[in-house]
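This is what each chain is made of:
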Amino acid sequence: MEPIVLNYQVDGEDFSTAGEASSAVKKALKQLGFSPDVIRRVAIAMYEGEINMVIHADGGEATAEISQEEIRIILADRGPGIKDIDLAMQEGYSTAPEEVRNLGFGAGMGLPNIKKYSDELKIESTPGVGTTLRILIRT
Amino acid sequence: MKLSKVKELLDAEILCCDGALDCEVMNACGSDMMSDVLAYVKDQSILLTGLMNPQVVRTAQMMDMKCIVFVRGKKPNEAVLSLAEENGIMVMTTEYRLYTACGLLFSNGLYCEGVDKV
Ligand SMILES: Nc1ncnc2c1ncn2[C@@H]1O[C@H](COP(=O)(O)OP(=O)(O)OP(=O)(O)O)[C@@H](O)[C@H]1O
Ligand SMILES: [Mg+2]
């Protein structure tokens, strides 16, 4: 199988469309015949990252690089960045405001959950510049 | 348990994808926090919630769930329903509150044997 690259702009203004990129990737993986376990791990990890881009960073760009052996998800934004990545990785740590909690998010579980479902997670972040998540899932 | 039985126990109204009534489900979860659903749920096929936005459907979709039950008589808008329809996720609404709706399903046998602690 030739590697496939899928690319999406994630709209930071519209909470209701958040998850469209993850949904499209999930459908593509299903069509390509990946196992349900791999598809679910990619879907959850990417969706958590996509939601983070919308609620914390005003949107950004999502890319999926798909090959037989591995799936790489890259989520890049120009949001406020994460000052203390170790702290952000802790379960329960969240800076999400009340209105985000009212939408059902902001428990501080997203980043730990991405780590749990991926084989590798790299976070590069510079305050005031933006954040890039690189998620690797082996198939 | 069949989804038709879930509908009956919850005295629920079906809002979309009634073709799934024959579908068998083994477990359910109830939460208004999608963060927790994404982090803790494993193989539950029904999501009971009082939260009403498209991310409820997205969360159910990512978790491969088959049915969403909106509690406290809530009815989602067209956008939420069409997203569910598009993804083949059945949607019901029940007058019961979250606690009672979950309790009704649990006490009628909708749970998996074994420990359900995180
Ligand atoms: N893309 C991002 N840009 C800026 N800050 C971020 C970004 N992603 C995460 N963060 C910061 O890291 C914290 C922890 O993120 P995490 O996804 O674990 O939790 P959450 O998004 O707050 O809540 P949940 O994911 O449970 O809905 C966030 O509250 C936020 O402060
Ligand atoms: Mg998050």
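Here, every reference points to the structure presented above.
If you're wondering where the values come from, they're calculated on a predicted model, not measured in any experiment. (Residues numbered from 1 in each chain as written. Chains lettered and ligands numbered in written order. Predicted model: local features only at pLDDT ≥ 70, side-chain atom pairs only at ≥ 80, totals over all residues. Heavy atoms only, no water.)

Student: When you look at the sheet that holds strand β1 (residues 13-16) of chain B in this model, what are you seeing that I'm missing?
Tutor: Residue and element names in this part refer to chain B. Pairing is mixed in the open sheet, where five strands are placed in the order β1-β5-β4-β3-β2. At either margin of the open sheet sits one strand with a lone partner, and together these are β1 and β2 (28-30). Looking at each pair of strands side by side, their axes are set apart by 25° on average, direction ignored. Taken together, the three bridges between β1 and strand β5 (residues 90-93) define a ladder with antiparallel strand orientation. When the bridges of β5 are listed, isoleucine 14 appears paired with methionine 92. Set on the sheet, helix α3 (residues 54-62) makes contact with β3 (46-49) and β4 (67-70); between it and β4 the angle comes to about 150°. Helix-sheet contacts for helix α5 (residues 98-107) involve β2 and β3, and the interaxial angle to β3 is about 150°. (Pairing = 2+ DSSP bridges. Helix = DSSP H or I, 4+ residues; strand = E, 2+ residues; numbered from the N terminus. Axes fitted to C-alpha atoms, helices over the stretch in contact; angles between N-to-C directions. Contact = heavy atoms within 4.5 Å.)

Student: Can you help me understand the nonpolar core in this one?
Tutor: Nonpolar side chains in soluble globular proteins tend to be buried together. The biggest cluster of nonpolar side chains holds 82 residues, and the ones touching the most others in it are Ile135 of chain A together with Val6, Ile46 and Leu48 of chain B. For this core, the leading source of residues is helix α2 (residues 36-57) of chain A, giving eleven residues. (Core = buried A, V, L, I, M, F, W, Y, C linked by side-chain atoms within 4.5 Å. Buried < 20%, exposed > 50% of the residue type's maximum accessible area, 1.4 Å probe, protein only.)

Student: When you look at the pattern of salt bridges in this model, what are you seeing that I'm missing?
Tutor: If the charged atoms of two oppositely charged side chains come close together, the side chains can form a pair. According to the stated counting rule, one finds 13 salt bridges over all chains in the structure shown. The salt bridge partner of aspartate 43 of chain B is arginine 40 of chain A, with a shortest N-O separation of 3.0 Å. Remark: arginine 40 of chain A occurs in helix α2 and aspartate 43 of chain B occurs in the loop between α2 (34-40) and β3; the pair is interchain, linking two chains. What makes aspartate 43 of chain B partly exposed here is its relative accessible area of 48%. For the salt bridge of glutamate 120 of chain A with lysine 122 of chain A, the shortest nitrogen-to-oxygen distance reads 3.8 Å. Accessibility expressed as a relative area gives 31% for glutamate 120 of chain A, which makes it partly exposed. (Salt bridge = Lys/Arg side-chain N within 4 Å of Asp/Glu carboxyl O.)

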